[in-house]
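# Descriptive analysis of the structure
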Amino acid sequence: MITIQSLTKSFGKQEVLKSIDLQVQKGEVVVILGPSGSGKTTLLRCLNFLERPDGGKVSIGDLQVNCKKPSKQEIYDLRKKTAMVFQHYNLFKHKTVLENVMEGLVIVQKQSKLKAREKSVQVLEKVGLAEKLNAYPSQLSGGQQQRVGIARALALEPEVILFDEPTSALDPELVGEVLSVIRKIAKEGITMIVVTHEMNFAMDVSNHVIFMDGGVIVEEGTPTEIFRTPKEERTRQFLKRIT
Ligand code: ADP
């Protein structure tokens with residue numbers, strides 16, 4: 001469903017993505033692991049042009065984009081197929097929970113307020129926040145704020161949800177509630193790409209693990225292959241450090 005071919009990205013002289021090739025099947029939960037600075041977030045952000053790749057191709061569903069010279073329409077279409085969940089939630093502070101989720105539906109998707117509201121309430125119920133529709137982000141815990149972030153992504157009904165370290169800004173006791181929401185929506189067959197350091201989550205929930213280092217995919221496979229029988233020395237060293 002997603003094909004990335006020869007994707008490259010540099011910041012100044014620093015080559016951050018060195019010709020990445022990757023395929024993701026529909027319904028897969030892909031976890032991207034790797035040391036800090038290896039290019040994980042940049043790869044995720046290049047998929048919806050939050051970061052502009054220098055070259056390569058990205059296809060999602062029936063849309064193929066040549067990253068070197070994408071048209072405005074192609075970037076718009078690519079963004080419609082993806083939704084991002086950010087490390088620091090990125091909620092509108094002056095809007096309520098419900099308004100935060102409705103925003104993209106009304107402003108970007110041009111849905112009626114009535115329809116947007118109905119959908120937003122439905123996804124907020126799904127993430128366990130039916131009681132908080134009218135609360136403001138500052139009145140919520142970090143875990144609740146991130147669940148709003150997830151509801152906002154779900155409401156857009158994207159073809160893929162991109163999670164950028166969704167639990168790394170949370171206090172340890174709040175990580176579980178966010179992971180269990182992600183687990184629940186993964187079971188519904190939504191395609192996801194998740195940058196995370198949560199090994200247990202990667203082991204239980206994902207069906208495809210990618211290990212990146214130095215701007216390349218060093219190794220990929222099933223969680224069992226990567227965690228139990230990694231082939232590459234760099235993967236083994238990384239896993240030794242973090243487990
Ligand atoms: P990871 O997610 O694996 O920690 P990143 O993709 O965030 O890695 O970053 C990869 C490298 O690119 C890092 O060296 C980082 O400093 C650099 N980088 C990321 N974003 C920018 C930016 N906007 N401008 C300059 N350098 C950046």
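Calculation notes
Residues numbered from 1 in each chain as written. Predicted model: local features only at pLDDT ≥ 70, side-chain atom pairs only at ≥ 80, totals over all residues. Heavy atoms only, no water. Pairing = 2+ DSSP bridges. Helix = DSSP H or I, 4+ residues; strand = E, 2+ residues; numbered from the N terminus. Axes fitted to C-alpha atoms, helices over the stretch in contact; angles between N-to-C directions. Near = heavy atom within 4 Å. Polar contact = N/O pair within 3.5 Å; in protein donor to acceptor, adjacent residues only side chain to side chain. Areas by Shrake-Rupley, 256 points an atom, 1.4 Å probe, with all protein chains shown as cover. Core = buried A, V, L, I, M, F, W, Y, C linked by side-chain atoms within 4.5 Å. Buried < 20%, exposed > 50% of the residue type's maximum accessible area, 1.4 Å probe, protein only. Contact = heavy atoms within 4.5 Å. Parallel < 35°, antiparallel > 145°, perpendicular 65-115°, else oblique. Left-handed = near helix turned anticlockwise from the far one by under 90°. Nonpolar A, V, L, I, M, F, W, Y, C, P; charged D, E, K, R; others polar. Salt bridge = Lys/Arg side-chain N within 4 Å of Asp/Glu carboxyl O. Arc of directions from axis to C-beta. pLDDT = per-residue confidence, 0-100. Phe/Tyr/Trp six-rings, centres within 6.5 Å; stacked < 30°, edge-to-face > 60°. Lys NZ or Arg CZ within 6 Å of the ring centre and 35° of its normal.

On to the sheet that holds strand S5 (residues 63–66), then. Read from one edge to the other, the open sheet built from 4 strands follows the order S2-S1-S4-S5, with strand pairing classed as antiparallel. Of all the strands in the sheet, the pair left with one neighbour each is strand S2 (14–24) and S5. Neighbour to neighbour, the strand axes of the sheet diverge by 20 degrees on average, direction disregarded. Note that strand S1 (residues 2–11) and strand S4 (residues 55–60) share 5 bridges and pair antiparallel.

Take the site of the ligand next. Neighbouring the ligand are Phe11, Gln14, Val16, Pro35, Ser36, Gly37, Ser38, Gly39, Lys40, Thr41 and Thr42. Within the backbone of Ser38, a nitrogen or oxygen atom sits 3.0 Å from an oxygen atom of the ligand. One of the backbone nitrogen or oxygen atoms of Thr41 is found 2.9 Å away from an oxygen atom of the ligand. In isolation the ligand offers 560 Å² of accessible surface; the protein chains occlude 61% of this area.

Counting residues in each nonpolar core, the largest one holds 51 residues, and the members touching the most others are Leu33, Leu124, Val127, Ile150, Phe163, Ile182 and Met192. When residues of this core are assigned to their parent elements, the largest contribution, 8 residues, is made by helix H6 (residues 172–187). In contact with Ile150, not counting residues within four places along its chain, are Val85, Val127, Phe163, Val178, Val181, Ile182 and Ile185. Core analysis: the second largest hydrophobic core is formed by 29 residues, Leu7, Leu22, Leu43 and Val58 among them.

So, on to the pairing of strand S6 (residues 82–85). Every second residue of S6 is oriented toward a common face, with Thr82 and Met84 on one face and Ala83 and Val85 on the other, all of them buried. Pairing between S6 and strand S7 (residues 160–164): 4 bridges, direction parallel. Among the inter-strand pairings, Val85 is bridged to a residue of S7, identified as Phe163.

This paragraph deals with the packing of helix H3 (residues 97–108) against helix H4 (residues 113–126). It is the contact of H3 with H4, at a shortest axis distance of 9 Å, that shows an interaxial angle of 125 degrees. Relative to H4, the element H3 is oriented oblique. In this structure, H3 meets H4 at a crossing whose hand is right-handed. Taking contact as the criterion, the partners of Val97, Leu98, Val101, Met102, Leu105 and Val106 in H3 are, on H4, Lys113, Ala116, Arg117, Lys119, Ser120, Val121, Val123 and Leu124. Residue composition of the contact of H3 with H4, grouped by class: 10 nonpolar, 1 polar and 3 charged.

We note that Asn90 has phi near 50 degrees; this positive angle belongs to a residue other than glycine. Considering the arrangement of structural elements, one finds Asn90 in the loop between S6 and H3. With relative accessibility at 41%, the residue Asn90 sits in the partly exposed group.

Taken as a whole and judged by the stated rule, the model has 10 salt bridges. The shortest N-O distance in the salt bridge between Arg147 and Glu177 comes to 2.9 Å. One end of the pair, Arg147, is in helix H5 (residues 142–155); the other, Glu177, is in helix H6, with 30 residues separating them in the sequence. Taking relative accessible area as the criterion, Arg147 reaches 11% and is therefore assigned buried.

Quick look at helix H2 (residues 72–81) now. Turning to H2, its buried residues are Ile75, Leu78 and Lys81. Buried residues of H2, seen end-on, are gathered within an arc of 125 degrees and therefore sit on one face of the element. Contacts made by the buried residues of H2 are with helix H1 (40–47), S4, S5, S6 and S7.

Scored by pLDDT, the protein comes out at a mean of 95, with 100% of its residues at no less than 70. Reported for the predicted complex are a pTM of 0.95 and an ipTM of 0.97.

We now examine the packing of aromatic side chains. When we look at a pair of aromatic rings, we describe it by the centre distance and by the angle of the planes. Throughout the structure, instances matching the rule amount to 1 aromatic pair. When the centroid spacing of 5.1 Å and the interplanar angle of 40 degrees are considered together, the rings of Phe211 and Phe238 count as tilted. Of the two residues, Phe211 sits in strand S9 (residues 208–213) while Phe238 sits in helix H9 (residues 233–242), which places them 27 residues apart along the sequence. Residue Phe238 is classed as buried on the basis of its relative accessible area, which comes to 4%. Between the NZ or CZ atom of Lys95 and the centre of the ring of Phe92, over which it lies, the distance is 6.0 Å.

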